[in-house]
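Commentary on secondary and tertiary structure
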Amino acid sequence: MKIFEPVKKNQRKIILSTNIAETSVTIPGIKYVIDTGLRKLKVWRHQLGLSTLLTTPISKASATQRSGRAGRESGGKCFRLYKENDYLRLNDSTEPEILRSDIISPVLMLKRLGVHDILNWFWLENPDEESLINSLRQLYSLQALNDSGKITELGEKLVVLPVQPHLATVLITSIEYDCLDAVIDIVSCLSVENLLLTPSNEKRDEINEKRRDLCILGNKYGDLIMFKELFNFFNSLSDNMEKKKWCNEIGVSYKGFKNVLRIKRQLREYMNALILKTDNKLTDLEDLNDPNADDDDDDFGLFRKEQESINTTNILKSFLKGFISNTAMGMPDRSYRTVTNGDLVSIHPSSLLFGQKKDAIMYIEYVYTVKGYARNVSAVELDWLQEVAPHLLSTQKVSAN
């Protein structure tokens, strides 16, 4: 909102922005635009099975959009920090998102619709064969597809839920482990971007220390349990001003937690419908469909105020079912190698487990910047891997070399 505030006479407003300003927002009073010709883009690398944050050239269409930010109310200019020859070499338009995104959800939907020959299916923008095969492999690892590539009963359930198949698998598995409510809380937190704010350099150590002091279980078991502890503490505060003050002190987003509450309500409605359809029972969600529930009410009439006990083992096993491919084993030199292919991976500095030595870890996201980083990391036991996914790991070995 600060960019829309008027400036005083003889003052100049300077706005630094990502490429979100190309089309998403119009700012009055802009006279000049400086275009770097670059963008940072999150790209799913199908061959590696990970997300990478890349600095890449923009397209000619994006360059036109950037120049269009100036001169909307009067004349304006755009200064480009690259040569005309470089501009002429740019692509005419930005590549379709499906070419740089994980397509596991569309592939599962096609299987649900009875499209068995995925590789020869007609796409408006055709993903490459490698990305399609990788998606089929992931769905098999989740047991959403059987040995012949047909959708399973579990796969039919995954399609219904409004989250990625990996998280949908976690939700369904949590019913078996009797920890559905806690898992819904954590999945809701994972579904909100930037829930944990990045503190400034001056406050980083102070805020990290506060998070460690508050999240006792998170210090031991990792970031997923930390989300549950933070969510419980947020719910335990009754006054909105008190919540806002706490969020500011601990470096989390107050609006983000409000969104978490809304997502939790939606997920519980879906899970309630799924349980009714498959098991014809309500389990512990009888109070779900309250027609008088207020979307602005902090607890929606659904959330317990007390700090319930957290069954860390069952919660982590539920997540392991959905993210068995995102596991790594600790090596004697304190590094980690992925279970699936033995690649080196480091725990991201933002994790509570950063700097700790664990026998094995599970991570929700794997991003590559200067090197491969595991984000949202949790500690797991080695024997859980074989217990949770014997169909996938029975013949795999990891070399320390």
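The structure displayed is predicted, hence computed values, not measured ones. (Residues numbered from 1 in each chain as written. Predicted model: local features only at pLDDT ≥ 70, side-chain atom pairs only at ≥ 80, totals over all residues. Heavy atoms only, no water.)

**Section: unusual backbone geometry**
Filter applied, for reference: Numbered from the N terminus, helices here are DSSP runs of H or I no shorter than four residues, and strands are runs of E no shorter than two. Each residue is placed in one exposure class: buried if its accessible area under a 1.4 Å probe, protein chains only, is under 20% of its type's maximum, exposed if it is over 50%, and partly exposed if it falls in between.
Positioned with a positive phi, D178 is a non-glycine residue whose angle comes to about 60°. By the secondary structure assignment, D178 is in the loop between α6 (165-176) and α7 (180-190). Among the residues examined, D178 registers a relative accessible area of 71% and is labelled exposed. With phi around 60°, N194 is a residue other than glycine that occupies positive phi space. If you trace the backbone, N194 turns up in the loop between α7 and α8 (204-214).

**As for the confidence of the model for the protein chain**
To keep things clear, this is the line we draw: What pLDDT conveys is the predictor's confidence in a given residue, as a value from 0 to 100. It only takes one pair of heavy atoms within 4.5 Å for two residues to be counted as in contact.
For the protein chain, the average pLDDT comes to 82, and 87% of its residues sit at 70 or higher. Throughout residues 395-401 the model reports pLDDT below 50, and contacts reaching past four residues in sequence, or to other chains, amount to eleven contacts.

**Considering the nonpolar core**
Using the following cut-off: Here, nonpolar core means buried Ala, Val, Leu, Ile, Met, Phe, Trp, Tyr and Cys residues that are tied together by side-chain atoms lying within 4.5 Å of each other.
Ranked by size, the top nonpolar core spans 73 residues in total, and within it L171, W246, F257, I315 and F319 carry the most contacts. Tallying contributions element by element places helix α12 (residues 254-279) first for this core, with nine residues. Ignoring sequence-local partners within four residues, the contact set of F319 consists of L167, V170, V183, I186, V187, L190, L224, M362 and I364. Of all hydrophobic cores here, the second largest spans eleven residues; its members include V345, L353, I361 and A374.

**A few points about the pairing of strand β1 (residues 32-35)**
Worth spelling out the cut-off: Think of it this way: DSSP has to see at least two bridges between two strands before they count as a pair.
Burial along β1 is one-sided: V33 and D35 are buried, while Y32 and I34, pointing the other way, are not. Two elements, β1 and strand β4 (residues 77-80), share four bridges in a ladder whose sense is parallel. Counted as the bridge partner of I34 is F79 from β4.

**Observations regarding the side chain of T173**
Where we set the bar: Any N or O atom pair separated by 3.5 Å or less is treated as a polar contact, with the protein-specific requirement of one donor-capable and one acceptor-capable atom, and with residues adjacent in sequence counted only for side-chain atom pairs.
Mapping T173 onto the fold places it in helix α6. Polar contacts involving the side chain of T173 include one to the main-chain carbonyl oxygen of T169, which spans 2.7 Å. When residues no more than four places from it in sequence are discounted, the contact partners of T173 are S318 and K321.

**Structural notes on the environment of N120**
Along the polypeptide, N120 turns up in the loop between α3 (104-112) and α4 (129-141). Here N120 falls in the exposed class, since its relative accessible area comes to 63%. A polar contact is formed between the side chain of N120 and the side chain of D117, at a distance of 2.8 Å.

**Comments concerning the side chain of S351**
Tracing the sequence through the fold places S351 in the loop between β7 (344-347) and β8 (360-368). Under the relative-accessibility criterion, S351 is labelled buried at 5%. A distance of 2.8 Å separates a polar atom in the side chain of S351 from a polar atom in the side chain of D223.

**A few points about the packing of helix α5 (residues 153-160) against α6**
For the record, the criterion: Between N-to-C directions, angles cover 0 to 180 degrees, with each direction set by a line fitted to C-alpha atoms, over the stretch in contact for helices. For this classification, under 35 degrees means roughly parallel, over 145 means roughly antiparallel, 65 to 115 means roughly perpendicular, and everything else is oblique. In this scheme, a crossing is called left-handed if the near helix is turned counterclockwise away from the far one by less than a right angle; it is called right-handed if the turn is clockwise. Put simply, Ala, Val, Leu, Ile, Met, Phe, Trp, Tyr, Cys and Pro go in the nonpolar bin, Asp, Glu, Lys and Arg in the charged bin, and everything else, Gly too, in the polar bin.
Put simply, α5 and α6 touch, their axes get as near as 9 Å, and they point 110° apart. Classed by the angle they form, the pair α5 and α6 counts as roughly perpendicular. Along this stretch, α5 crosses α6, giving a crossing that reads as right-handed. Counted together, L154, K157 and L158 of α5 and P165, A168, T169 and I172 of α6 form the full contact between these two elements. Residue composition of the contact of α5 with α6, by class: five nonpolar, one polar and one charged.

**As for α3**
Rules: It is the directions from the helix axis to the C-beta atoms whose arc is reported.
Along α3, the positions that sit buried rather than exposed are I104, V107, L108, L110 and K111. For α3, the angular spread of buried residues about the axis comes to 160°, placing them on one side. Looking at the buried side of α3, the elements it contacts are α4, α5 and α6. Downstream of α3 by one or two residues, G114 has phi in the positive range, about 90°.

**Some points on the pattern of salt bridges**
This is how it is decided: Salt-bridge detection follows one rule: a side-chain nitrogen of Lys or Arg within 4 Å of a carboxyl oxygen of Asp or Glu.
The full count for this structure, using the stated rule, is 15 salt bridges. Residue D35 is joined to R80 by a salt bridge in which the shortest nitrogen-to-oxygen separation is 2.8 Å. In this pair, D35 sits in strand β1 while R80 sits in strand β4, placing the two residues 45 residues apart along the sequence. Judged by its relative accessible area of 0%, D35 is buried. The salt bridge partner of R112 is E156, with a shortest N-O separation of 2.6 Å. Placement of R112 in helix α3 and of E156 in helix α5 is noted, with a sequence separation of 44 residues between them. R112 sits in the partly exposed class, given a relative accessible area of 41%. Connected through shared salt-bridge partners, D181, D185, K228, K264 and R268 make up one network.

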